[in-house]
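Residue-level listing of the chains:
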Amino acid sequence: MKRICRIAWVIGMIVAVLLVVLTGASFYMLDYSLSPDPMREDADSCYRQLYEDYPETAEWVDSLRRKDALRDTFLTMASGERHHAYYVNKGSQKTALVIHGWRDQAIKFFFLGRMYERELGYNIVVPDLHASGKSEGETIGMGWNDRLDVMQWMQTFQTDTMVVHGVSMGAATTMMLSSMQMPQGVKDIRFIEDCGYTSVWDEFDGQLKEQFGLPAFPLLYTTSLLCRLRYGWSFGEASALNEAAKCPYPMLFIHGNKDTFVPTEMVHRLYDAKPEPKALWVVSGADHAQSYKTHQAEYTVKVHDYLMTIK
């Protein structure tokens, strides 16, 4: 009897230790995945990176500043937090919202803002997502709650024609948004997703294997549960695939065929799930979020032609 009690005690201790380790690992993974860039408000370094990667944007930004046309805009979201976006008004009835990626901020995506404003004649809104840039918040939303904030930007800057164009996490945000009811009065709404993931679960599952050599069970399950308890959403719920499947609006899918961070196979699942109208461009030789940089002229033409097609 004493031997049985001793074995039960040992087993109980092992289980308790494993639970403590798993709980600690879950907190670590969640904080690691959703913590914002500690330098998120360092605009100077973002401009330096922007000008290094896209030198043509320097003259464009300078010209906007000389005309006082690059406006800082703030909105109070439903959460009560104050969010920020850059806005350029060309007096057009066409507006593009450019949505940035994970641990990024709006400035780094001015290269797309320039494309829309200078090359395509759109007003532009480039928001800092939750916990990014000048927007308040303590955790990254991975697109799920961000879609609600982007909708508020759309309603604020509504015009006859609108396009939402996101890259990486911004692309997932775009797809998650695409199933929602659009603002009344918008006559033509289109979506462009560039290298977005199918779901937060799928992306974290892949990174868990790639970076740590770990399977999804049990850590991904417990971390998703912790996210639900702390922030109100789970990794599986935050599914671009599910929302794209319900989207009735035109969507252009763009993905580099050398992308391993968000594997290229994801875009084919997303494209297959999305009902018509839709279009797909798999970019030869492009790594993650590099399609515009490596194929700038072709990228601009593809976007232009897609926006000009009749639904």
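Scroll up to find the structure this text is about.
Source: prediction; values computed, not measured. Sequence order sets the numbering: in each chain, residues are counted from 1 along the sequence as written. With pLDDT at 70 or above as the cut-off, local features in this predicted model cover only qualifying residues; side-chain atom pairs require 80 or more to be listed or tallied, and sums for whole chains, interfaces and linings still use all residues. Based on all heavy atoms of the structure, the side-chain values leave hydrogens and waters out of the count.

Visitor: Go over helix H3 (residues 56–66) with me, naming the residues and quoting the values.
Guide: Because an α-helix packs 3.6 residues into every turn, residues spaced three or four apart end up facing the same way. Listing the buried residues of H3 in full gives Thr-57, Trp-60, Val-61, Ser-63 and Leu-64. Summarising the axial view, the buried residues of H3 lie within an arc of 160°, below the 170-degree limit, and thus occupy one face. Only protein chains enter the accessibility calculation, which uses a 1.4 Å probe; a residue whose area is less than 20% of its type maximum is buried, one above 50% is exposed, and one in between is partly exposed. Helix and strand assignments come from DSSP, with helices taken as H or I runs of at least 4 residues and strands as E runs of at least 2, each series counted from the N terminus. This arc corresponds to the set of directions leading from the helix axis out to the C-beta atoms.

Visitor: So what's going on with the packing of aromatic side chains? Which residues, and what values?
Guide: Aromatic pairing here means that ring centres of Phe, Tyr or Trp (its six-membered ring) are within 6.5 Å. Orientation follows from the plane angle: under 30 degrees is stacked, over 60 is edge-to-face, and everything else is tilted. Taken as a whole, this structure holds 21 aromatic pairs when the rule is applied. Look at Tyr-47 and Tyr-51: their rings are 5.8 Å apart centre to centre, the planes differ by 35°, and that puts the pair in the tilted class. You can see Tyr-47 and its partner Tyr-51 sitting in helix H2 (residues 43–53), 4 residues apart, about one turn around the helix. Tyr-47 sits in the buried class, given a relative accessible area of 10%. With a relative accessible area of 24%, Tyr-51 lands in the partly exposed category. Relative to Phe-157, the ring of Tyr-87 has its centre 4.2 Å away and its plane inclined at 35°; by these criteria the two rings are tilted. With Tyr-87 in strand S2 (residues 82–88) and Phe-157 in the loop between helix H5 (146–156) and strand S5 (161–167), this pair connects stretches of sequence that are 70 residues apart. Each member of the aromatic cluster is reached from another via a ring pair, and the members are Tyr-54, Phe-109, Phe-111, Trp-281, Tyr-292 and Tyr-299. Here Arg-65 stacks its cationic end above the ring of Tyr-47, 4.7 Å away from the centre of that ring. By definition here, charges over rings are those cases where NZ of Lys or CZ of Arg is within 6 Å of the ring centre and within 35 degrees of the ring normal.

Visitor: Kindly report on the pattern of salt bridges, identifying the contributing residues and their values.
Guide: Should a side-chain nitrogen of Lys or Arg be within 4 Å of a carboxyl oxygen of Asp or Glu, the pair is scored as a salt bridge. The tally for this structure, following the rule as stated, stands at 13 salt bridges. The partner of Glu-117 in a salt bridge is Lys-90, and the shortest N-O contact between them spans 3.4 Å. A residue pair is termed long-range when its members are at least 10 positions apart, and Glu-117 in helix H4 (residues 110–119) and Lys-90 in the loop between S2 and strand S3 (94–99) qualify at 27 residues. Assessed through its relative accessible area of 8%, Glu-117 is described here as buried.

Visitor: Requested: an account of a nonpolar patch on the surface, with residues and values cited.
Guide: Exposure above 30% relative accessible area and the lack of any salt bridge qualify a residue for a patch; like charges then connect within 9 Å, and the nonpolar side chains Val, Leu, Ile, Met, Phe, Trp and Tyr within 5 Å. Areas reported as accessible are Shrake-Rupley estimates using a 1.4 Å probe. Residue values count occlusion only from the protein chains shown. Taken together, the side chains of Tyr-28, Tyr-32, Phe-212 and Leu-214 present a nonpolar region at the surface, about 390 Å² in accessible area. By the element assignment, Leu-214 lies in the loop between helix H7 (200–212) and helix H8 (219–231). With relative accessibility at 36%, the residue Leu-214 sits in the partly exposed group.

Visitor: Describe the packing of H2 against H3, naming the residues involved and giving the relevant values.
Guide: In the contact formed by H2 and H3, the axes pass within 8 Å of each other and the chain directions differ by 130°. For the element pair H2 / H3, the angle class is oblique. For the pair H2 and H3, the contacting residues are Tyr-47, Leu-50 and Tyr-51 in the first and Thr-57, Ala-58, Val-61 and Arg-65 in the second. Each residue gets one of three labels, nonpolar for Ala, Val, Leu, Ile, Met, Phe, Trp, Tyr, Cys and Pro, charged for Asp, Glu, Lys and Arg, and polar for the others, Gly among them. Partitioned by chemical class, the residues of the contact of H2 with H3 number 5 nonpolar, 1 polar and 1 charged. What counts as an axis is a line fitted to C-alpha atoms, over the stretch in contact for a helix, and the angles between N-to-C directions run from 0 to 180 degrees. To sort the angles, those under 35 degrees are grouped as roughly parallel, those over 145 as roughly antiparallel, those from 65 to 115 as roughly perpendicular, and the leftovers as oblique. Any two residues whose heavy atoms approach within 4.5 Å at even a single point are treated as in contact.

Visitor: Give a description of unusual backbone geometry that names residues and reports values.
Guide: Residues Phe-217 and Pro-218 are joined by a peptide bond in cis, for which omega reads 5°. A cis amide bond links Glu-276 with the next residue in sequence, Pro-277, at an omega value of 0°. For Met-142, which is not a glycine, the phi torsion comes out positive at approximately 60°. Along the chain, Met-142 turns up in the loop between strand S4 (123–127) and H5. Relative accessible area serves as the criterion here: at 2%, Met-142 is assigned to the buried category. Look at Ala-289: it is not a glycine, yet its phi comes out positive at around 60°. Looking at the element boundaries, Ala-289 is found in the loop between strand S8 (278–283) and helix H11 (291–294).

Visitor: Please give an account of the pairing of S2 that cites residues and values.
Guide: A large share of S2 lies buried, amounting to 6 of its 7 residues. Pairing geometry for strand S1 (residues 71–76) and S2, over 6 bridges, is antiparallel. Within S2, the residue paired with Asp-72 across the bridge is Tyr-86. Only when DSSP finds a minimum of two bridges between them are two strands counted as paired. Between S1 and S2, which follow one another and run antiparallel, lie 5 residues, and Gly-80 among them has a positive phi close to 95°. Sheet topology note: the S2/S4 ladder contains 4 bridges and is antiparallel. Bridging across to S4, Ala-85 finds its partner in Pro-127.

In short, shape yes, function no, at least from these values alone.
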